[in-house]
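# Reading the structure
This is what each chain is made of:
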Amino acid sequence: MSRPMLEVQDLQVAYGHIQAVKGISLDLQPGEITTLVGANGAGKSTTLMALSGLVKKAAGQVLFEGEDIGRWSPHRIVERGMVQVAEGRATLTTLTVRENLELGGYTRRDGKAEREADLDRVFALFPRLKERLDGLAGNLSGGEQQMLAIGRALMARPRLLLLDEPSMGLAPIIVQDIFRTLREINAQGLTIFLVEQNVRQALKIAHRAYVLETGRIVVSGRGRDLLDDPKVQEAYLGG
Ligand SMILES: Nc1ncnc2c1ncn2[C@@H]1O[C@H](COP(=O)(O)OP(=O)(O)O)[C@@H](O)[C@H]1O
Ligand SMILES: [Mg+2]
């Protein structure tokens, strides 16, 4: 196995005296989709925010390609190549689709031609965004807003893409569409860390998976294997 892209050791996060994340360790392999699944309140978002530098870690180590990024600012982490997709509804609704996508590329120092090429790549993945380019993001459907949020993150040229429940609030058919696109983005070489409450769909597309329960990882393995695991089935897949 190659060196992990991201290595997390004994991560702990607390809100006052609420221990939200109680010492978790996980690895993300380059080129893979890894998922962290669990019920509402398990600590999934807290884990992601801690990795992105958005909440303070009580303990633990985070290595990105071998480099300790545990104390880095969110901005520096993005520049380093680890980009979190904003929650679907956090797309800036009073800006146009184009303006949102341009904001995604704001940390980049390369030229207009590269950004145009990346825009074209986003349009190839999400043709709807091209059709709605000069419309306000606020007028998009929920699924389109999620696509825009992903597209915006891609404009930052991530090497590791983090997503917090992209399926939230979307109809099953739209979820399938989004997940198919994630698989396509991954096939193009991008490493993905997907946090999900939609356990079945997440396990279907993930190479590796971790199950989080009240701040602790209780099961891990290949996504497909966890789909067949009786304990996982009973707890998360309706038996
Ligand atoms: N800002 C906060 N202040 C206090 N407690 C919080 C805060 N955010 C989350 N929590 C608590 O931390 C735990 C984990 O929450 P969260 O990471 O949002 O879980 P998930 O994303 O898996 O639903 C929950 O018990 C939640 O109530
Ligand atoms: Mg959450």
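Up top is the structure.
One structure accompanies this document, and this report is about it. The residue numbers shown here count from 1 along each chain, following its written sequence. Written order determines the labels here, with chains lettered from A and ligands numbered from 1. For a predicted model such as this one, the threshold for reporting local features is a pLDDT of at least 70, and the threshold for listing and counting side-chain atom pairs is 80 or more; totals across whole chains, interfaces and linings nevertheless cover every residue. Water and hydrogen atoms were dropped before computing side-chain values, which therefore reflect all heavy atoms in the structure.

Once that is clear, we can look at the site of ligand 1. The rule for a residue being near a molecule or strand is that one of its heavy atoms must lie within 4 Å of it. Taken together, the residues surrounding ligand 1 are Tyr 15, Ile 18, Ala 20, Ala 39, Asn 40, Gly 41, Ala 42, Gly 43, Lys 44, Ser 45 and Thr 46. Polar contacts, as used here, are pairs of N or O atoms within 3.5 Å; protein pairs need one atom able to donate a hydrogen and one able to accept it. Residues neighboring in sequence count only if both atoms are side-chain atoms. Residue Gly 41 places a main-chain N or O atom 2.7 Å away from an oxygen atom belonging to ligand 1. The contact in question runs from an oxygen atom of ligand 1 to an N or O atom on the backbone of Gly 43, over 3.0 Å. Throughout, the Shrake-Rupley method with a 1.4 Å probe supplies accessible areas, and for residues the shown protein chains are the sole cover considered. Summarising the interface, the protein chains cover 60% of the accessible area of ligand 1, which totals 550 Å² for the free molecule. Helical segments are the DSSP runs of H or I of at least four residues, strand segments are the runs of E of at least two, and each set is numbered from the N terminus. Those elements that place two or more of their residues in the shell around ligand 1 are β2 (18–28) and α1 (44–51). With 3 residues, α1 is the single largest residue contributor to the shell around ligand 1. In this classification, Asp, Glu, Lys and Arg are treated as charged, Ala, Val, Leu, Ile, Met, Phe, Trp, Tyr, Cys and Pro as nonpolar, and every other residue, Gly included, as polar. Tallied by class, residues from the shell around ligand 1 come to 5 nonpolar, 5 polar and 1 charged.

Relative to the elements of secondary structure, Asp 118 occurs in helix α4 (residues 112–125). Side-chain polar atoms of Asp 118 contact the side chain of Arg 121, separated by 2.7 Å.

Within a sheet, each strand pairs with its neighbour through backbone hydrogen bonds, oriented either parallel or antiparallel. The pairing criterion for strands is at least two bridges between them, as found by DSSP. Spatial ordering of the open sheet is given by β6-β7-β8-β3-β9-β10, a layout of 6 strands whose pairing is mixed. The sheet is open, and its two edges are formed by β6 (82–85) and β10 (216–222), each paired on a single side. Taking each pair of neighbouring strands and ignoring which way they run, the sheet shows an average axis angle of 15 degrees. By the bridge criterion, 5 bridges tie strand β3 (residues 33–37) to strand β8 (residues 191–196) in an arrangement that is parallel. The residue bridging Thr 34 from the neighbouring strand is Phe 193, located in β8. We call two residues in contact when some of their heavy atoms are within 4.5 Å. Angular values range over 0 to 180 degrees, each being the angle between N-to-C directions of two axes fitted as lines to C-alpha atoms, with helices fitted over their stretch in contact. Helix α6 (residues 142–154) contacts β6 and β7 (160–164) of the sheet and is inclined by roughly 165 degrees relative to β6. Across the sheet, helix α7 (residues 172–187) is in contact with β3, β7 and β8; its angle to β8 comes to roughly 155 degrees.

So, on to the packing of aromatic side chains. Within 6.5 Å between ring centres, the rings of Phe, Tyr and Trp (the latter by its six-membered ring) count as paired, and their orientation is classed by plane angle as stacked under 30 degrees, edge-to-face over 60, tilted in between. Enumeration over the complete set of coordinates arrives at 0 aromatic pairs. Over the aromatic face of Trp 72 sits the side chain of Arg 76, whose NZ or CZ is 3.7 Å from the ring centroid. Charge over a ring is defined by NZ of Lys or CZ of Arg lying within 6 Å of the ring centre and within 35 degrees of the ring normal.

Here we take up helix α3 (residues 97–104). Only protein chains enter the accessibility calculation, which uses a 1.4 Å probe. A residue is then buried if its area is under 20% of the maximum for its type, exposed if over 50%, and partly exposed in between. Three or more residues of α3 are buried, namely Val 97, Asn 100, Leu 101 and Gly 104. For α3, the angular spread of buried residues about the axis comes to 95 degrees, placing them on one side. If you follow the buried residues of α3, they end up packed against α4, α5 (127–131) and α6. Note that the arc is defined by the directions from the helix axis to the C-beta atoms.

Of note, Ile 173 is situated in helix α7. Here Ile 173 falls in the exposed class, since its relative accessible area comes to 66%.

The next point concerns the nonpolar core. Nonpolar side chains in soluble globular proteins tend to end up buried together. Definition of nonpolar core: a set of buried residues of the types Ala, Val, Leu, Ile, Met, Phe, Trp, Tyr and Cys, connected through side-chain atoms within 4.5 Å. Counting residues in hydrophobic clusters, the biggest one holds 46 residues, and the most contacted among them are Leu 101, Ile 150 and Leu 182. The element contributing the most residues to this core is α6, with 6 residues. When residues no more than four places from it in sequence are discounted, the contact partners of Leu 182 are Ile 33, Ile 150, Leu 163, Pro 166, Ile 192, Leu 194 and Ile 205. Counting residues in each nonpolar core, the second largest holds 27 residues, with Met 5, Leu 51, Ile 77 and Met 82 among its members.

Leaving glycine aside, a negative phi is the common case for residues, and trans is the common case for peptide bonds. We note that Arg 157 has phi near 55 degrees; this positive angle belongs to a residue other than glycine. On the secondary structure map, Arg 157 appears in the loop between α6 and β7. Its identity as a non-glycine residue notwithstanding, Glu 165 has a phi of 50 degrees, on the positive side. With respect to the helices and strands, the residue Glu 165 is situated in the loop between β7 and α7.

Here we come to the pairing of strand β1 (residues 6–15). Judged from the 8 bridges that link them, β1 and β2 form a sheet pairing that is antiparallel. When the bridges of β2 are listed, Gln 12 appears paired with Lys 22. A loop of 2 residues connects β1 with β2, the two strands running antiparallel in sequence, and Gly 16 in this loop sits at a positive phi of about 60 degrees. Note: β1 against strand β4 (residues 59–64), 5 bridges, orientation antiparallel. Among the inter-strand pairings, Leu 6 is bridged to a residue of β4, identified as Phe 64.

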